[in-house]
Amino acid sequence: ITDASGRVQRYSNLILATGSTPFLPMFGNRHYKGVYTFRTLGEADQLLSRKTRTRHTVVIGGGLLGLETARAMQKYHTDITIIEHNRWLMMQQLDEQGSAFLEDYINDSGINTILGDSVVSVTGNGRVEGLTLRSGKKIECDTLIVAAGVRPNILLARDAGLVCHKGIRINNHLQTSDKDIYAIGECAEHDDNVYGLVKPGFDQAAVLADRLTGGNSQYVGSISTTQLKVMTQAVFSAGRNGVDEEAGASVSEYVFSDRSAGIYRKIRIFGNRIIGAIAVGEWHESALINEAIKDKRKLWFWHMVRFKTTGNLWGDVDEI
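Structure report, in brief. What you are looking at is a predicted structure, and each value in this text was computed from that prediction instead of being measured.

Points about unusual backbone geometry
Item 1. Even without a glycine there, the phi angle at Leu-174 is positive, about 70 degrees.
Item 2. A residue is classified by how much of its surface remains accessible, and Leu-174, at 0% relative accessible area, is buried.
Item 3. At Asp-191, a residue that is not glycine, the phi angle is positive and equals roughly 55 degrees.
Item 4. Following the sequence through the fold, Asp-191 ends up in the loop between β14 (188–190) and α5 (198–212).
Item 5. On the basis of relative accessible area, Asp-191 is assigned to the exposed category, the value being 57%.

Structure follows, in structure tokens:
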């Protein structure tokens, strides 16, 4: 490899862990003052100071980062609006029905949401004063934060001639198209999957550490699991949640919901094994669900009956 000062470094094995970069949508006047992204720690510090002066902040992006950003910027009488170009929030983790439960909670907390629309241009005189949306709607604001997701950082690998698609293509040994070069983390693509989460990166690092020290571990993919608080509301998503795959007759879906309590739960069954789940609202069985997906545990008809009537597979907290 050749570094920035022109020095050549030789290697026997090379690991690419170049991560990802924030995605910045194309819209007019992106360079105006008052437009922020999360490229550096310095920009995060600027947003913290901006929090005390903004009167209306608009956040582009209805994913996890966008929602948490909106919550962090909400102070006193500050107006907050989230704009998401997809039809529902957290589209990678939730289905449309589950997202509707989350949207109700967010709106009740005083944050506005605009779905199925996007920013065309920023208006003002060198500084953000408003936005024009694709729908023609105009919004007055003084701060715009872009939290529209990330893209794998593949430029170095692509320039080196390595095979790249969404990310840097790797096999079960974590090798790229050059057997002496490996890739792990958010820059890597395994079996058509790019994981934007920390845990799969740790899984890959553990396998690679074993292989480089003489072991024969293989990486066969990670179960995508999201268990977090979105503005204090619990959200859980695990396994094949069905959000990004075509509906099929071989997979059965069961839903339990209670709108008044803000609870939505869905499980997906293939054969008699659970393969994915989604939940909005607290669910004491989430850890057990995750284990059942990982272990390919069988479920029986009485589990389904209990779930449809109570929303639980194994029982209440005091029964487990």
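Quick word on the sheet that holds strand β4 (residues 56–60)
Item 1. One open sheet accounts for five strands, arranged β3-β10-β4-β5-β6; its pairing is parallel. Because the sheet does not close on itself, it has two edges, and the strands there are β3 (35–36) and β6 (111–115).
Item 2. Sheet analysis places β4 next to strand β5 (residues 79–84), joined by five bridges and oriented parallel. Counterpart to Val-58 in the pairing with β5 is Thr-81.

Some details on the pairing of strand β8 (residues 130–133)
Item 1. Residues Gly-130 and Thr-132 point to one face of β8 and Leu-131 and Leu-133 to the other, with burial holding for every one of them.
Item 2. Relative to β8, strand β7 (residues 119–123) runs antiparallel, the two being bridged by four bridges. Considered in β8, the bridge of Val-122 is made with Leu-131.
Item 3. Hairpin geometry of β7 and β8 is characterised by an intervening segment of six residues between the two adjacent antiparallel strands and by a positive phi of about 140 degrees at Gly-124.
Item 4. Alignment of β8 against strand β9 (residues 138–140), held across three bridges, turns out to be antiparallel. By the bridge assignment, Gly-130 is partnered in β9 with Glu-140.

Re a nonpolar patch on the surface
Item 1. The grouping of Trp-300, Phe-301, Trp-302 and Val-305 at the surface amounts to a nonpolar patch, some 470 Å² of accessible area in total.
Item 2. Among the secondary structure elements, Trp-300 is positioned in the loop between α6 (286–295) and α7 (301–310).

Thoughts on α5
Item 1. Between its first and last C-alpha atoms α5 spans 21 Å; for 15 residues at 1.5 Å apiece the expected length is 21 Å, and the two agree.
Item 2. For α5, the full list of buried residues reads Pro-200, Gly-201, Gln-204, Val-207 and Leu-208. An end-on view of α5 places all buried positions within 130 degrees of arc, on one side of the element. In α5, those exposed residues whose orientation departs by more than 90 degrees from the buried face are Val-198, Lys-199 and Phe-202.
Item 3. Following α5 by one or two positions, Gly-214 has its phi on the positive side, about 100 degrees.

What counts, and at which threshold
- Residues numbered from 1 in each chain as written.
- Predicted model: local features only at pLDDT ≥ 70, side-chain atom pairs only at ≥ 80, totals over all residues.
- Heavy atoms only, no water.
- Buried < 20%, exposed > 50% of the residue type's maximum accessible area, 1.4 Å probe, protein only.
- Helix = DSSP H or I, 4+ residues; strand = E, 2+ residues; numbered from the N terminus.
- Pairing = 2+ DSSP bridges.
- Patch = residues over 30% accessible without salt bridge, like charges linked within 9 Å, V, L, I, M, F, W, Y side chains within 5 Å.
- Areas by Shrake-Rupley, 256 points an atom, 1.4 Å probe, with all protein chains shown as cover.
- Salt bridge = Lys/Arg side-chain N within 4 Å of Asp/Glu carboxyl O.
- Expected span 1.5 Å × (residues − 1).
- Arc of directions from axis to C-beta.

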